[in-house]
Amino acid sequence: MTFVSLLKSSAGRITRVAAGTALGFGLTLSLLTAPGQALAQTAAPQAILPAQGNGPALWVIRDADSTIYLFGTVHVLRPDTAWQTDRVDAALDSASRLILEVANPDDQAAAMPLIQQYGISPQTPLSTLLTADELAALDTAARTMGMTAAQLDPLRPWLAALTLSVAPMTRAGYDPRSGVDLLLKARMEAAGKPVDGFETLDEQIRLLAGFPETGQLDFLRSTLDDFEDATTELGRLVSAWADGDVAAINAVGVEPMRDASALMYQSLLVDRNVNWAGQIQTLLDGSGTVFIAVGAAHLAGEDSVQVQLAQRGVTVERVPN
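Please read these numbers as outputs of a predicted model, since none were measured by experiment.

J.: Would you take a moment to explain helix α10 (residues 201–209) for this structure?
T.: All of the buried residues in α10 are Leu-201, Gln-204, Ile-205, Leu-208 and Ala-209. One face of α10 carries all of its buried residues, which in axial projection span an arc of 130°.

Listed below in structure tokens is the structure:
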């Protein structure tokens, strides 16, 4: 199965990639701020609007001396997406620590050396791997981002593809400053509370960079073919998330990945969910209150973090609206 098939179902195409990165990979923020444009320094996070419906789902784990909240995030949102609820505010205020997928998702200083190491290959530029027509399409897509194909030329295909994949999100009004991770991080730091991560930027980037080059090229070519597609599917996922509809998140954002490739599903979701469940179980051996916020795709479906915890004998309850 090609890399394209691994990342996207035949129906999802470019919107599947955008949705997947927005719901399941904290690296999205670094891809929006680090490569190519180098893009402007990250501005202050934007305000959070009160939810108009149920608000996003929140879960809690309790034992004799520990309380752990689980909250699904969208890494990139439109500024007018309303999701703040009293129950999330209360949980966050009660926590002495925040754990994200990565503690520094917008840290350009940390991301740039990793991008250089795993995402840049000047000895094998894209211009030697793509046809003339493909290079023209690359240039057209790059110019919508204020760039040119020449500026993307040194990127490895996976990085060029993901850079272009997140571009439609910004064109549709999605802004990393409105992403849930940055807003939660800013709030906890303002309160003088620590922010940690389950993973590192290095681990996330190496996971994506580890796919064969031929598959990476297929991914880039498909991204170019579908660059003009609207982000309708991402909008559906965000709406489901903002209303706490976990079943819809599973149906639109998780099951298609599982159906497209058991390997990709296992690598991007299941293995990481198992890892995080183990870390959460270790947290339960301690004491205090912790707020955990990870991509919403990790908290939906039959292999979710909650399911992994249940298999370890840990009870997870959804906080009522």
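J.: Would you mind going over the sheet that holds strand β2 (residues 58–62) with me for this structure?
T.: Remark on secondary structure: sheet strands pair via backbone hydrogen bonds, oriented parallel or antiparallel. What the six strands build is an open sheet, ordered β6-β5-β7-β3-β2-β8; its pairing is mixed. One side of each edge strand has no neighbouring strand; the edge strands of this open sheet are β6 (195–199) and β8 (317–318). Sheet analysis places strand β5 (residues 97–102) next to β6, joined by four bridges and oriented parallel. Opposite Val-102, over in β6, you have Glu-199 as the bridge partner. Strands in contact with helix α4 (residues 86–94) are β2, β3 (66–73) and β7 (288–295); relative to β7, the strand with the most contacts, it is inclined by about 125°.

J.: Is there a simple way to think about the pattern of salt bridges in this case?
T.: Side-chain pairs of opposite charge can arise whenever the charged atoms involved come near each other. Within this structure, the stated rule accounts for 10 salt bridges. Between Asp-93 and Arg-187 there is a salt bridge, and its shortest N-O distance comes to 2.8 Å. Of this pair, Asp-93 sits in helix α4 while Arg-187 sits in helix α9 (residues 180–190), and the two are 94 residues apart along the sequence. One salt bridge in this structure joins Lys-185 and Glu-189, with 3.1 Å as the shortest N-O distance.

J.: Help me understand empty space enclosed by the protein in this model?
T.: Using a probe with the size of a water molecule, rolled over the atoms, empty space left in the structure can be pinpointed. All chains considered together, the criterion is met by four cavities of 30 Å³ or more. Put simply, the second largest cavity is a space of about 80 Å³. Along the walls of the second largest cavity sit 13 residues, with Ala-57, Trp-59, Trp-241, Val-246 and Ile-249 positioned nearest its centre. The set of elements that each furnish at least two residues to the lining of the second largest cavity consists of α12 (232–242) and α13 (246–260). Looking at side-chain class alone, the lining of the second largest cavity contains 10 nonpolar, two polar and one charged residues.

J.: What is the right way to read the packing of aromatic side chains from this model?
T.: We describe a pair of aromatic rings using the distance from one ring centre to the other and the angle between the two ring planes. According to the stated counting rule, one finds five aromatic pairs in the structure shown. Between Phe-71 and Phe-291, the ring centres sit 5.8 Å apart and the planes meet at 55°, which makes this aromatic pair tilted. On the criterion of sequence distance, the pair formed by Phe-71 in strand β3 and Phe-291 in strand β7 is long-range, its members being 220 residues apart. Of the two residues, Phe-71 and Phe-291, neither departs from the other in class, the shared state being buried. When the ring of Trp-83 is compared with that of Trp-241, the centres are 5.9 Å apart and the planes differ by 50°; the resulting orientation is tilted. Here Trp-241 lies in helix α12 and Trp-83 lies in strand β4 (residues 82–84), a separation of 158 residues in the sequence. Aromatic rings pair up to connect Tyr-69, Phe-71, Trp-83, Trp-241 and Phe-291 into one cluster.

J.: Which parts of the structure should I look at to understand the packing of helix α5 (residues 108–119) against α10?
T.: Two numbers describe a pair of packed helices, the interaxial angle and the distance between the axes. Their axes nearest at 10 Å, the elements α5 and α10 cross at an angle of 25°. Considered as vectors, α5 and α10 are oriented roughly parallel to each other. For the pair α5 and α10, the sense of crossing is right-handed. Contact with α5, carried on its side by Ala-110, Ala-111, Leu-114, Ile-115 and Tyr-118, involves Leu-201, Asp-202, Ile-205, Arg-206 and Ala-209 of α10 and no other residues of that element. Its residues assigned to classes, the contact of α5 with α10 shows eight nonpolar, no polar and two charged.

J.: Looking at this structure, I do not really get the pairing of β7. What am I missing?
T.: Within a regular strand, the side chains alternate between the two sheet faces. When you tally the buried positions in β7, you get seven out of eight residues, the bulk of the element. Examined bridge by bridge, β5 and β7 share four bridges and lie parallel to one another. Looking at the pairing, Ile-99 lines up with Ile-292 of β7.

J.: Sorry if this is basic, but what is going on with the packing of helix α8 (residues 157–171) against helix α11 (residues 213–225) here?
T.: Their axes nearest at 8 Å, the elements α8 and α11 cross at an angle of 25°. Taken as axis vectors, α8 and α11 run roughly parallel relative to one another. Crossing geometry of α8 relative to α11 is assigned as left-handed. Here Pro-157, Trp-158, Ala-160, Ala-161, Leu-162, Leu-164 and Ser-165 of α8 come into contact with α11, specifically with Glu-213, Gln-216, Leu-217, Phe-219, Leu-220, Thr-223 and Leu-224. Considered class by class, the residues forming the contact of α8 with α11 number 10 nonpolar, three polar and one charged.

J.: I'm lost on the nonpolar core in this one. Help?
T.: Nonpolar side chains tend to gather and get buried jointly when the protein is soluble and globular. Ranked by size, the top nonpolar core spans 60 residues in total, and within it Leu-70, Phe-71, Leu-184, Trp-241, Ile-280, Phe-291 and Ile-292 carry the most contacts. Per-element accounting of this core gives the leading share, nine residues, to helix α14 (residues 262–284). Once residues within four sequence positions are removed from consideration, Phe-291 is found in contact with Leu-58, Tyr-69, Phe-71, Val-88, Ala-91, Leu-92, Ala-95, Arg-97, Leu-98, Ile-99 and Leu-184. If you look at the next biggest cluster of nonpolar residues, it comprises 32 residues, including Leu-114, Ala-142, Trp-158 and Ala-160.

J.: It is not clear to me how the confidence of the model for the protein chain should be interpreted in this structure. Could you clarify?
T.: As a general rule, the predicted coordinates of low-pLDDT regions are not to be interpreted in detail. Counting all residues, the mean pLDDT for the protein chain is 82, and 83% of those residues have values of 70 or more. Counted against residues more than four places away or in other chains, residues 1–21, with its pLDDT under 50, gives 64 contacts. Here residues 33–43 is modelled with pLDDT under 50, and outside its nearest four sequence neighbours on either side it reaches 25 contacts, counting other chains as well.

Rules and cut-offs
- Residues numbered from 1 in each chain as written.
- Predicted model: local features only at pLDDT ≥ 70, side-chain atom pairs only at ≥ 80, totals over all residues.
- Heavy atoms only, no water.
- Buried < 20%, exposed > 50% of the residue type's maximum accessible area, 1.4 Å probe, protein only.
- Helix = DSSP H or I, 4+ residues; strand = E, 2+ residues; numbered from the N terminus.
- Arc of directions from axis to C-beta.
- Pairing = 2+ DSSP bridges.
- Contact = heavy atoms within 4.5 Å.
- Axes fitted to C-alpha atoms, helices over the stretch in contact; angles between N-to-C directions.
- Salt bridge = Lys/Arg side-chain N within 4 Å of Asp/Glu carboxyl O.
- 1 Å grid on protein atoms, 1.4 Å probe; cavity = no way out; pocket = protein on both sides within 12 Å on 5 of 7 lines; lining within 4 Å.
- Points joined across faces, edges and corners; volume = space filled by probe spheres on them.
- Nonpolar A, V, L, I, M, F, W, Y, C, P; charged D, E, K, R; others polar.
- Phe/Tyr/Trp six-rings, centres within 6.5 Å; stacked < 30°, edge-to-face > 60°.
- Parallel < 35°, antiparallel > 145°, perpendicular 65-115°, else oblique.
- Left-handed = near helix turned anticlockwise from the far one by under 90°.
- Core = buried A, V, L, I, M, F, W, Y, C linked by side-chain atoms within 4.5 Å.
- pLDDT = per-residue confidence, 0-100.

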